[in-house]
Amino acid sequence: MSHQPHPADLRRLMAGFPTGVSVVTALAPDGTPWGMTCTSLCSVALDPPTLLVCLRAGSPTLRAVLDSGELSVNLLHERARSTSELFGSGAPDRFGQVPWVPAQNEGGPHLIEAAHTIADCVVTAEQTVGDHAVVMAHVTLVTSLRRPIPLLYGMRRYGSWAEDAENGFLSYDFIS
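Overview of the structure. Please read these numbers as outputs of a predicted model, since none were measured by experiment. (Residues numbered from 1 in each chain as written. Predicted model: local features only at pLDDT ≥ 70, side-chain atom pairs only at ≥ 80, totals over all residues. Heavy atoms only, no water.)

## Remarks on the overall build of the protein chain
The number of helices and strands found in the protein chain is 3 helices and 11 strands. Tracing the protein chain from N to C terminus, the helices and strands come up as α-β-β-β-β-β-α-β-α-β-β-β-β-β. Burial status across the protein chain gives 36% buried among its 176 residues. Considering only contacts within the protein chain whose residues lie at least 6 apart along the sequence, 58% involve residues at least 24 apart. (Helix = DSSP H or I, 4+ residues; strand = E, 2+ residues; numbered from the N terminus. Buried < 20%, exposed > 50% of the residue type's maximum accessible area, 1.4 Å probe, protein only. Contact = heavy atoms within 4.5 Å.)

Structure representation (structure tokens):
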């Protein structure tokens, strides 16, 4: 007989799996920008180019994504911790606190100072799983804004890549 793990056990499990940090954005049909910090992101396929994001059920960002049928995934750079915290806070005026521009075609707001790379997407499928929605999105455009040195999150801390000039590779360090 199997049993369900306690939520704290699952949080502990996932804390040990460091990941990049993104902000998923969308424009509601009335033009209101919405966005939320998201670490539940993965590539599903290269052909067709498809991403999967998990967004909290009932969130205004999810509603804007589903109502518009579009979203943008803003991959945050190492100096964008404050943007991650802002979009994770639920503050109602978050788009008034960061520079952003609308997507040129499909997609949501582009966080032009916080992101290193942005993927504009069209929603292809959605399924509710527990307290989140799994959203599949077809990538229509990828925009690189700067060298991709990502903001990382794991062990309940933010981190960043550090270059090892002697060996020519990147390593990561977690910061408080």
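So that's the structure; there's more coming.
## Let's talk about the pairing of strand 7 (residues 115-129)
Of the strand pairs in this sheet, strand 6 (residues 70-76) and strand 7 are connected by 7 bridges, and their pairing is antiparallel. Residue pairing across strands places N74 opposite I118, the latter belonging to strand 7. Hairpin connection from strand 7 to strand 8 (residues 132-144): 2 residues lie between these consecutive antiparallel strands, with G130 at a positive phi of about 60°. (Pairing = 2+ DSSP bridges.)

## Things to note about the environment of W100
Note that W100 resides in the loop between helix 3 (81-89) and strand 7. For W100 and A114, which are 14 residues apart along the polypeptide, the C-alpha to C-alpha distance reads 9.1 Å. Dropping the residues within four chain positions of it, W100 is found in contact with P33, F95, P109, H110, L111 and I112.

## Concerning the sheet that holds strand 2 (residues 22-27)
In space, the 7 strands of this open sheet follow the order 3-2-6-7-8-5-4, with antiparallel pairing throughout. Every other strand in the sheet has two partners, leaving strand 3 (33-38) and strand 4 (41-46) as the edge strands with one partner each. Across the sheet, the mean angle separating the axes of adjacent strands is 30° when strand polarity is ignored. Bridging between strand 2 and strand 3 involves 6 bridges; their strand directions are antiparallel. Note on strand 3: the bridge partner recorded for A26 is W34. Against the sheet, helix 2 (residues 60-68) makes contact with strand 2, strand 3, strand 5 (49-56), strand 6, strand 7 and strand 8, and its axis sits at roughly 55° relative to strand 2, the strand it touches most. (Axes fitted to C-alpha atoms, helices over the stretch in contact; angles between N-to-C directions.)

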